Amino acid sequence: MKVGIVGAGSMGYAHATGWQQTDADIVGVLSGTPDNAKELADKLNTQVYTSYDDLLNDVDIVDICAPTHLHKQYVLQAAQANCHILCEKPIALTIDDGIEMIRACENANVRLLIGMVLHFFPEYIAMKRAIADGSVGTPKVTRMTRASYRPQKADDNWFMDEAKSGGMILDLMIHDFEMSRWLNQGEVVRIFAKSVRGQHPEVLADHCLAILRYDNGTMAHIEGSWAYPKPMFHVRAEVAGDDGLIEWESDDTLPLQQYFHATDDNSSDVALPTSPLSQNPWASEVIHFYNAIVQGTPFRITPVDALRGLQIALATKESTVSGKPVSITPVEVSA
């Protein structure tokens, strides 16, 4: 199987590590930043492409690690070229775009996996198993936090453009929206959220708190933030049931930590969480994708799962603007 990587930022590098652990042939890298493409291509001992069409002609699989506003265009072209697709989250910026992407892949008989990487963190898998085996009884409340510093790319910082990234709520909190849905085994029907803006007034939220109500009666409290100093990335997850409690914090195994604005800072432009139990969940995700393509086995997460995560994120943004609760009906993708 031949694969091409689109995007040579943090995600391009994270995914490349996974591809190197498969039997796939990495035929090339394409990026809107040529210097970044060359640097990653050199590390992978492969070539740089300047045309997406040329790349698609040479591969069986395309791995899209490009900015969110480009996802739809790249996925539709890849489907038309009969390439299987691994695409970073979120699936798209709108529900209609996401539906069009899913339908295009179904019609072309190509497979699409959206990179909801929390499904490849052992901690969340362990929480899911604990719920399934009855360790907490019936889940009642899920609490999740994902707090980091604001992405600080030196070139085009598309994260700070709501029209390109969807902002913090779509880019960061979507992980926990989708994961809480997976853990609670229900569908979100109502959302109420509050947010605050930071020093970039064009960004809708630097910090947000959302309360989700599920159709099975459970609730989730989701907190997301780009308001912390580098190099902090703090993650917390908790599920409380009528028979027990399970919880995890990303720095549970660490001593007291002090975070501060460093003058000599080597942290990445975009914060990436780590897992004490797994060195690179993105590599695990890529390996899972590759094996599923080769063996014809199901993906751990479906495109509709990713689309419903997007729906929750968009409703959260709506609630922060209106100041009112937002009710939703889970989106469906009809043939």
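This text follows the structure it describes.
The rules behind these values
Residues numbered from 1 in each chain as written. Predicted model: local features only at pLDDT ≥ 70, side-chain atom pairs only at ≥ 80, totals over all residues. Heavy atoms only, no water. Axes fitted to C-alpha atoms, helices over the stretch in contact; angles between N-to-C directions. Helix = DSSP H or I, 4+ residues; strand = E, 2+ residues; numbered from the N terminus. Parallel < 35°, antiparallel > 145°, perpendicular 65-115°, else oblique. Contact = heavy atoms within 4.5 Å. Nonpolar A, V, L, I, M, F, W, Y, C, P; charged D, E, K, R; others polar. Buried < 20%, exposed > 50% of the residue type's maximum accessible area, 1.4 Å probe, protein only. Arc of directions from axis to C-beta. Phe/Tyr/Trp six-rings, centres within 6.5 Å; stacked < 30°, edge-to-face > 60°.

Student: For this particular structure, what's the right way to read the packing of helix 5 (residues 95–108) against helix 10 (residues 303–322)?
Tutor: In helix packing, the relevant descriptors are the interaxial angle and the interaxial distance, both defined with respect to the helix axes. Direction vectors running N to C along helix 5 and helix 10 enclose 175 degrees, while the axes themselves pass 10 Å from each other. Relative to helix 10, the element helix 5 is oriented roughly antiparallel. Contacts from I95, G98, I99 and I102 of helix 5 reach helix 10 at P303, V304, L307, L310, Q311 and L314. Looking at the contact of helix 5 with helix 10 residue by residue, the class counts come to 8 nonpolar, 2 polar and no charged.

Student: Just to check I follow, could you spell out the packing of helix 4 (residues 71–80) against helix 5 for this structure?
Tutor: Contact pair helix 4 / helix 5: the axes reach a minimum separation of 9 Å and the direction vectors enclose 10 degrees. As judged from the angle between their axes, helix 4 and helix 5 are roughly parallel. Contacts between helix 4 and helix 5 pair H71, K72, V75, L76 and A79 from the former with D97, E100, M101, A104, C105 and A108 from the latter. For the contact of helix 4 with helix 5, a count of residues per class yields 7 nonpolar, 1 polar and 3 charged.

Student: Help me understand the environment of D161 in this model?
Tutor: Take D161: it is sitting in the loop between strand 7 (139–148) and helix 7 (162–165). Residues D161 and L204 lie 43 residues apart in sequence; the distance between their C-alpha atoms is 9.7 Å.

Student: So what exactly am I meant to see when it comes to helix 2 (residues 34–44) here?
Tutor: Note on helix geometry: an α-helix contains 3.6 residues per turn, so any two residues three or four positions apart are oriented the same way. Those residues of helix 2 that sit buried are A37, L40, A41 and L44. End-on view of helix 2: buried residues confined to an arc of 100 degrees, all on one side of the axis. Summarising the geometry of helix 2, the exposed residues directed more than 90 degrees from the buried face are D35 and K43. Those residues of helix 2 hidden inside the fold are in contact with strand 1 (2–6), helix 1 (10–19), strand 2 (25–30) and strand 3 (47–49).

Student: Help me understand the packing of aromatic side chains in this model?
Tutor: To describe a pair of aromatic rings, one takes the distance between the centres and the angle between the planes. The final tally for this structure, using the stated rule, is 9 aromatic pairs. On the numbers, 6.2 Å between centres and 85 degrees between planes, the contact of W19 with Y290 is edge-to-face. You can see W19 sitting in helix 1 and its partner Y290 sitting in helix 9 (residues 281–295), a full 271 residues away along the chain. Each member of the pair, W19 together with Y290, is buried. Each ring, one from F121 and one from W282, has its centre 6.2 Å from the other, and the planes form 80 degrees; the classification is edge-to-face. A residue pair is termed long-range when its members are at least 10 positions apart, and F121 in the loop between strand 6 (112–115) and helix 6 (122–132) and W282 in helix 9 qualify at 161 residues. Of the two residues, F121 and W282, both sit in the buried class.

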